[in-house]
Amino acid sequence: SSHGTWVAQGSIVTQSTTKTWMYTCVPTSAVTADVTVVFAANAQGAMAVSVYNGVDQTTPVEAGSLTNGNNNSATPTIALNAAVGDMAVTSMGQVSAGPHTATATQTERFNLSRVGGGTDTRSCGQDAVGTGSSIDFDWTMSGTDDWTMKGFILTAAVGAEDFK
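Structural notes, computed from the coordinates. (Residues numbered from 1 in each chain as written. Predicted model: local features only at pLDDT ≥ 70, side-chain atom pairs only at ≥ 80, totals over all residues. Heavy atoms only, no water.)

Pairing of side chains with opposite charge becomes possible as their charged atoms draw close. Applying the stated criterion across every chain, the model contains 1 salt bridge. A salt bridge links Asp 127 to Arg 109; the shortest N-O distance between them is 2.6 Å. Placement of Asp 127 in strand 9 (residues 121-129) and of Arg 109 in strand 8 (residues 107-114) is noted, with a sequence separation of 18 residues between them. The exposure class assigned to Asp 127 is buried, which follows from its relative accessible area of 2%. Judged by its relative accessible area of 40%, Arg 109 falls in the partly exposed class. (Salt bridge = Lys/Arg side-chain N within 4 Å of Asp/Glu carboxyl O. Helix = DSSP H or I, 4+ residues; strand = E, 2+ residues; numbered from the N terminus. Buried < 20%, exposed > 50% of the residue type's maximum accessible area, 1.4 Å probe, protein only.)

Have a look at this one:
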């Protein structure tokens, strides 16, 4: 679609607990929109919005493709199985200000921090075009604080050249 599909993703930290979220929206016409996220009084967060063209408008997110991870490791990773031409999208959050380094084989879309006023928060996102096999999404972080990671597959529209 020429309208693009947007993916809002980020992380929220509440009393040292990290939650990562991802939402999609498929507009029916070209729009300019603000995305507003309201955090609870005791929460901090960081978020980003990415827009992808070439997404199937009927089934933008491939069924059953959601993957979750949660650990105390300095090298979080999750794997997604994306068909050739589909787009694998991930979001990671950590109770930390960073820095974080993405795997060189994926495209880093955002790497944001929220520092001060309580617990520091880091929110990062990557994507990669599917190759027909598993794609490992990794980050290298400065510490082992709690992290969460989510990922899913955006389905390519029939006849789409590629994702942008």
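Attention now moves to the sheet that holds strand 5 (residues 77-81). With respect to topology, 3 strands assemble into an open sheet ordered 5-10-7, the strand pairing being antiparallel. In this open sheet, the two strands that pair with only one neighbour each are strand 5 and strand 7 (100-102). Here the strands of the sheet are splayed against their neighbours by 20° on average, with no regard to which way each runs. (Pairing = 2+ DSSP bridges. Axes fitted to C-alpha atoms, helices over the stretch in contact; angles between N-to-C directions.)

Across the 8 residues that make up strand 11 (residues 147-154), a large majority, 7, are buried. By the bridge criterion, 8 bridges tie strand 6 (residues 87-94) to strand 11 in an arrangement that is antiparallel. Looking at strand 11, one finds that Met 87 is bridged to Leu 154.

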